[in-house]
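Residues per chain, in single letters:
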Amino acid sequence: MPSFSYSAINAQGSVLTGEIQATDASAARDALRGNGLLAQWVRELTGPAQSTGSGIFSRGKKVKSKSLQIFSRQFATMIDAGLSVVTALVILEQQTDDKVLAVVIDDIRDRVESGALLSEAMASHPDVFNRLYVSMVEAGEAAGVLDIVLDRVATQIEKEQKIKRRVKGAMIYPTVVLAFASLVLVGMLMFLVPVFVKIFSTLGGELPVLTQWVVKASDLLRDRWYIVFPVIGGAIYAFFRWKKTEAGRQAWDRFKLRIPMQIGTVVRKVSMARWSRTLSTLIGSGVDIIKALEITAQTSGNWVVEEATADVRLRVQEGATIAQPLIDAPIFPPMVSQMVKIGEETGELEKMLEKVADFYEEEVDAAIQALTSIIEPIMMIGVGMMVGVIIIAMYLPMFRMLTLIQ
């Protein structure tokens, strides 16, 4: 008998996870319901379809966000036009340009034809459909508004990608300048400084301190390059590995919020835009508030926001409003908590959160433009100082020599 992993809510509202044996996913849900548990998702642990999906992603191939957005939008249109889920999946499989997504759609269609719910079939591919996506589809199935929910999913993906493009676009200039400066520094130390060293050796006398340090750096880089470059590469690799650890992620996310020159402010605004948009989308899709807060925390992208949202969820579970825990959490700006408070009082929480998301997305644009205008001159000054120090260090002995001659 197949085994299934599950996540379910008990009568007290607590989320439980575990494994259960049943003939199929529907039987597993019925068994959980008989035990007083409401299944959030049920996933088969074994099966040929699952191994096919894992085989795709084990080779490092991923579904593009743009492809997933188009898939969701077209799926919503087809369902709204009256096509069945299976028919829509067949058409989407044939017309998608993403080969990896086509294989995933084929597997989902097979599962749906076998009697599984669409959300259950999607949950078997967590690398493609994250928990936010699956939960929204599950809520859409339960409420009979699958087309509306899929359209909301497509909008959510589009908004997230828009923010990512803005942030990446802002990082292009400093990254290029930093890379260029590093190449210039290495080139000067390895090729320019040795030419001056030969001249200094013929002049004799003691070199200025600054010149001595530059010459030592040049000698180290030229004579021990096979150690220096691997050490630098290893340090960069170790940093990214450390960031993936739980302790590293927590420390790095806290640090990002404190970076000066408005960088920490931009990070915070990006987090608030994503947090508000996700929670608004989940609530509008019919997901209950406890589950919506849990998913929002997991998809917030920052550990500090995640912990604060988890605390909000616990206090809401105990009977508090959403606004009060937000007011008590320093990470959430007053605008967020006040708009949520108004939304709760007027019964339009979804609309208020959407307005907050729109506001912070516009703020991210303005903040990135301001940040770019600050970073550009600072980077140029930094490159100029770096090159200037080396040039001055090389010419100092000559200036001293001219002074002695006079």
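(A) Here's a closer look at the nonpolar core. One finds Phe71, Phe75, Met122, Phe129, Tyr133 and Phe332 to be the most contacted residues of the largest nonpolar core, which totals 76 residues. Broken down by element, this core gets its largest block of residues, twelve residues, from helix H17 (residues 349-405). Setting aside chain neighbours within four positions, we find phenylalanine 71 in contact with Leu89, Leu92, Leu101, Ile105, Met122, Phe129 and Tyr133.

(B) Local environment of the pattern of salt bridges. Tallying each qualifying case throughout the model produces 20 salt bridges. Taking the shortest distance from any N to any O, the salt bridge between glutamate 138 and lysine 291 comes out at 3.4 Å. Highlighted residues: glutamate 138 in helix H7 (residues 131-143) and lysine 291 in helix H13 (residues 289-298), separated in sequence by 153 residues. Judged by its relative accessible area of 14%, glutamate 138 is buried. With a relative accessible area of 8%, lysine 291 lands in the buried category. For arginine 249, the salt bridge is made with glutamate 306, and the minimal N-O distance between the two is 3.4 Å. Of this pair, arginine 249 sits in helix H11 (residues 246-256) while glutamate 306 sits in helix H14 (residues 303-317), placing them 57 residues apart in sequence. Taking the relative accessible area as the measure of exposure, arginine 249 reaches 25% and is therefore partly exposed.

(C) View of the packing of helix H10 (residues 225-244) against H11. It is the contact of H10 with H11, at a shortest axis distance of 5 Å, that shows an interaxial angle of 95°. Taken together, the axes of H10 and H11 are roughly perpendicular relative to one another. For the pair H10 and H11, the contacting residues are Phe239, Trp242, Lys243 and Lys244 in the first and Glu246, Gly248, Arg249, Ala251 and Trp252 in the second.

(D) Structural context of the sheet that holds strand S3 (residues 38-44). What the three strands build is an open sheet, ordered S2-S1-S3; its pairing is antiparallel. At either margin of the open sheet sits one strand with a lone partner, and together these are strand S2 (15-21) and S3. Neighbour to neighbour, the strand axes of the sheet diverge by 25° on average, direction disregarded. Against the sheet, H7 touches strand S1 (3-9) and S3, its axis set at about 120° to S3.

Thresholds applied
Residues numbered from 1 in each chain as written. Predicted model: local features only at pLDDT ≥ 70, side-chain atom pairs only at ≥ 80, totals over all residues. Heavy atoms only, no water. Core = buried A, V, L, I, M, F, W, Y, C linked by side-chain atoms within 4.5 Å. Buried < 20%, exposed > 50% of the residue type's maximum accessible area, 1.4 Å probe, protein only. Helix = DSSP H or I, 4+ residues; strand = E, 2+ residues; numbered from the N terminus. Contact = heavy atoms within 4.5 Å. Salt bridge = Lys/Arg side-chain N within 4 Å of Asp/Glu carboxyl O. Axes fitted to C-alpha atoms, helices over the stretch in contact; angles between N-to-C directions. Parallel < 35°, antiparallel > 145°, perpendicular 65-115°, else oblique. Pairing = 2+ DSSP bridges.

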